[in-house]
Amino acid sequence: MIAILGLITVRTPQQLSALSLQTYIFGAIIGVIFLVMAAVIATMIKFEGGSHPKDPRKRRSWFWILVIVALIVSFLYNMFGVAPTVSNNLQGDFMSANVTGTLIAIATYVILGFLLSKMFSTGKLGNWFPSRKRK
Amino acid sequence: MSYFLIGIGGTGMRCIEAFTHLCAIGMFDNKEINILSIDTDTNNGNKGRSEQLIDRYLRIKGGTDAKPTANTFFSAKLNIFKFAPEYSGNRGTYELISDLNLGTEENKALSDLFFGQDVQQFTLDHGYRAQTHLGSHLMYHCIVEAAKNVRDGRARNEDKQLSEFLDKIYQEGENARVFILGSIFGGTGASSIPIIPRALRDAIRIKDQNAEIHPNAKFGCSLLTEYFGFNSPDPSQIKSEKVIADSNNFSRNSQAALMFYQADKTVKATYKMMYHIGWPKKKDFSGPNSQSTVTGGGEQKNSCHVTELLSACAAYDFFNRNEGLDQNDIVFKSADYSNDSFNFKFQDFIGEAKTKEFMNKMGSFLAFSHIIINKEQGWKPEQSGALNLVRKFEEFKTPDYIYLPSQEAKDIDEFVKSFAFSYDSKENVIPGWLFQVRESIDGPFLFQTDSFSTNTRQLRDFHFGKIFNEEEHQFARKGKLGIGVGDPYQVFIDTILKDTGVRPSAEKQKVERLNERFLAHTYNTLTKLFNIISN
């Protein structure tokens, strides 16, 4: 449809290369945005008292839920929002860039999330990657 | 300086209970205090309760190896000694103890002069039943007899404990401060307060003729006049028991005792400070189902009263006082009283100079109780609120309290329940010591009224950040962005986990054991949040 409308802007390998780079950067930004959301949610989840408080598990669950959402958002946006601007003969290459960009989103999210979890290990973000319990 | 506390009789036991709670909130930093409990009624419910409380305190503190700490909960080291005269079997009455039937006619006549037949023949296992003339005589002799038993190698365990206590007083010389807690309106306390110093001196001399309590050792006592009453005995009970205490005589007994203390030279020469504590209204300890007078034993388990806290605070004053101990002085304290109720403030208990410290420590321990019992669900059977709080540290990788033994954590739970409140199997509120003290007063009492609610739901939802009436000493008053009401538990956990400034200090607080560090960490956090004193 977009092709019919003449909105294809990426026709050459050089243009695809630039678009790929943009896709990777976009992936990293998506990772950061969703990580910030995960941090806000983690902070909003209240401490619970008692012998089996559920709040640490809730924070961990939301962390991994948001990584999946970030993956889906990144991939689908590139597939339906960006791919139509690429000419048919370069679609295969762009799909590879899409996959790579999505992996970058996940990696950014998880690696930065891990680092934040260790930096703030005594706070709520510490629940994302808890240390093994001593027996 | 060395500190010795003697609690005598049922009222003395409840005063010791109040004193132990003062130690638990941390009012006796850096001190080691030796406590002797004396009661003739070995199965007395009050005695059992206070001794159980002290035993629990000792376990929390770490037993005999414990050391005093500072600026934290449970800072004082306590040593407990228990003494009870032997009044069973062939020593069950005055007549039997004195061997009147085997003695001379003169002995019999002398006894008949001072003691009626009923007084000579009632059983002593529930105490002296307000026969103070008999009680003074018997208490003096049982203390002296205990010393003889130790000297002659036939001592009971109670005799040895008394002897050990006396040895400590002797060894401390002029540094000994001895405070005696008991009532003066007719019970064991009234019998013993006049004769205790003389009895202790004579007992020490029996063990070693050259030994003496140092003349500069200081003695003080509470003069606690009547504050409760109970059903008068009916004729049938009098006929069967022969001698029963009658609370209608308490006022007259108090008056006679005060007149005696005012005039007696020996008492005035011995006691440097006497703290007169009175109460305008008598609390009824009859009980809803009581048709007859309880003479003692396990049934006598009276609820706590503010006068006992005032007596414990009198001991605090005596132990910390540096002036006015060179001559006999009787002091008293009054509080704002209007519209038939008191309006107690913190300074009414402890004096102006220590008001903030007392306010902070009492409030912090009460807040700690709410956290352990309600927020960490220590109220649930088989759960320990202290252990649940410790697990927070494990989850968030703060210090190594995870190795805190579960038994020590459970002792903390049980202690705070004794201090504040607990719930029964039907989730009704069971008032602990402080709640009972609050119930003994008609007017306001130190903290927000809701902090003493006996409605389960209201108590569970209570905002412990607002324990104090003054807004400048409240925290989590508002939610995030100033919207709604804040959650004090969130603020407490956030602070204790993240704020490095509230970590326990081995140097300032002298805390070494895991238990001590955990308690100090909690104390520091609440002190910071309430903003009454700086750490």
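Residues numbered from 1 in each chain as written. Chains lettered and ligands numbered in written order. Predicted model: local features only at pLDDT ≥ 70, side-chain atom pairs only at ≥ 80, totals over all residues.

J.: Would you take a moment to explain the overall build of chain A for this structure?
T.: The number of helices and strands found in chain A is 3 helices and 0 strands. For chain A, whose C-alpha radius of gyration is 19 Å, the value lies well above the compact-globule estimate of 14 Å for 135 residues. Taken over the C-alpha atoms alone, chain A extends approximately 60 × 25 × 20 Å along its principal axes. When each of the 135 residues of chain A is scored for burial, the buried share is 29%. (Helix = DSSP H or I, 4+ residues; strand = E, 2+ residues; numbered from the N terminus. Rg over C-alpha atoms; globule rule 2.2 N^0.38 Å. Buried ≥ 20, exposed ≤ 12 C-beta atoms within 10 Å, placed from the backbone.)

J.: I keep staring at the domain arrangement of chain B and nothing clicks. Help me out?
T.: Residues and elements named next belong to chain B. Here the domain parsing of chain B yields domain 1 (2-87 + 123-333) and domain 2 (354-530). Between domain 1 and domain 2, the residue contacts involve 25 residues of the former and 26 residues of the latter. Within the residue set of the side of domain 1 that touches domain 2, elements represented by two or more residues are α1 (9-25), α2 (45-61) and α13 (306-320). The element contributing the most residues to the side of domain 1 that touches domain 2 is α2, with 5 residues. Looking at side-chain class alone, the side of domain 1 that touches domain 2 contains 12 nonpolar, 8 polar and 5 charged residues. (Domains from an automatic or database assignment. Contact = placed C-beta atoms within 7 Å. Nonpolar A, V, L, I, M, F, W, Y, C, P; charged D, E, K, R; others polar.)

J.: Would you mind showing me how to read the packing of helix α20 (residues 488-498) of chain B against helix α22 (residues 514-530) of chain B here?
T.: Two numbers describe a pair of packed helices, the interaxial angle and the distance between the axes. Residue and element names in this part refer to chain B. One can describe the packing of α20 onto α22 by two numbers: an axis separation of 10 Å at closest approach and a directional angle of 120°. Between α20 and α22, the interaxial angle falls into the category oblique. The handedness of the crossing between α20 and α22 comes out as right-handed. Note on element contacts: α22 touches α20 through H521, T522, T525, K528 and L529, opposite V491, F492, T495 and I496. Residue classes in the contact of α20 with α22 are distributed as 4 nonpolar, 4 polar and 1 charged. (Axes fitted to C-alpha atoms, helices over the stretch in contact; angles between N-to-C directions. Parallel < 35°, antiparallel > 145°, perpendicular 65-115°, else oblique. Left-handed = near helix turned anticlockwise from the far one by under 90°.)

J.: How should I be thinking about the packing of helix α7 (residues 157-172) of chain B against helix α9 (residues 196-207) of chain B in this particular structure?
T.: All names here are of chain B. The geometry of α7 relative to α9 is characterised by a closest axis approach of 10 Å and an angle of 95° between their N-to-C directions. Taken together, the axes of α7 and α9 are roughly perpendicular relative to one another. Mapping the contact onto sequence places S163, L166, I169 and Y170 in α7 and L200, A203, I204 and K207 in α9. Residue composition of the contact of α7 with α9, by class: 6 nonpolar, 1 polar and 1 charged.

J.: What am I meant to see in the environment of L5 of chain B here?
T.: All names here are of chain B. When you line up the elements, L5 lands in strand β1 (residues 2-8). Owing to 25 C-beta atoms within 10 Å, L5 belongs among the buried residues under this scheme. As a C-alpha pair, L5 and I195 span 190 residues in sequence and 16 Å in three-dimensional space.

J.: What should I look at first to understand the interface of chain A and chain B in this one?
T.: How big an interface is tends to be stated in terms of the accessible area lost upon association of its parts. Taken together, the 14 residues of chain A in the interface contact 17 residues of chain B. Of the residues assigned to the side of chain A that touches chain B, the class counts are 3 nonpolar, 8 polar and 3 charged.

J.: I would appreciate a short explanation of the environment of L71 of chain A in the present structure.
T.: Summarising the element assignment, L71 of chain A is placed in helix α2 (residues 55-82). Sequence separation between L71 of chain A and D55 of chain A is 16 residues; the distance between their C-alpha atoms is 25 Å.

J.: Please clarify how the sheet that holds strand β9 (residues 329-332) of chain B should be interpreted in this entry.
T.: Within a beta sheet, neighbouring strands are joined by backbone hydrogen bonds and run either parallel or antiparallel to one another. Residues and elements named next belong to chain B. With parallel pairing, the 7 strands of this open sheet are ordered in space as β3-β2-β1-β4-β5-β7-β9. A strand with exactly one partner marks an edge of an open sheet, and here the two such strands are β3 (77-83) and β9. The average undirected angle you get between the axes of adjacent strands in this sheet is 20°. Relative to β3, strand β2 (residues 32-38) runs parallel, the two sharing 7 bridges. Each bridged residue has a counterpart across the sheet, and for L36 the counterpart in β3 is F81. Here α1 sits on the sheet and contacts β1, β2, β3, β4 (176-181) and β5 (218-224); the angle it forms with β1, its principal contact strand, is near 140°. (Pairing = 2+ DSSP bridges.)

J.: Looking at this model, I keep getting lost on the nonpolar core. Mind explaining?
T.: Nonpolar side chains in soluble globular proteins generally cluster together in the buried interior. The biggest cluster of nonpolar side chains holds 148 residues, and the ones touching the most others in it are L5, I6, I169 and A315 of chain B. Residue-level mapping places this core at the junction of two domains, with at least three residues from each of domain 1 (2-87 + 123-333) and domain 2 (354-530) of chain B. In terms of nonpolar packing, the next biggest core, distinct from the first, is built from 15 residues, A42, I104, Y109 and L125 of chain A among them. (Core = buried A, V, L, I, M, F, W, Y, C linked by C-beta atoms within 7 Å.)

J.: Got a minute to help me understand the pairing of strand β7 (residues 271-277) of chain B in this structure?
T.: A regular strand places its side chains so that they alternate between the two faces of the sheet. Residues and elements named next belong to chain B. Counting buried positions along β7 yields 6 of 7 residues, so the element is predominantly enclosed. In this sheet, β7 lies alongside β5 in parallel orientation, the contact comprising 6 bridges. Looking at β7, one finds that L224 is bridged to I277. Two elements, β7 and β9, share 4 bridges in a ladder whose sense is parallel. By the bridge assignment, M274 is partnered in β9 with I330.

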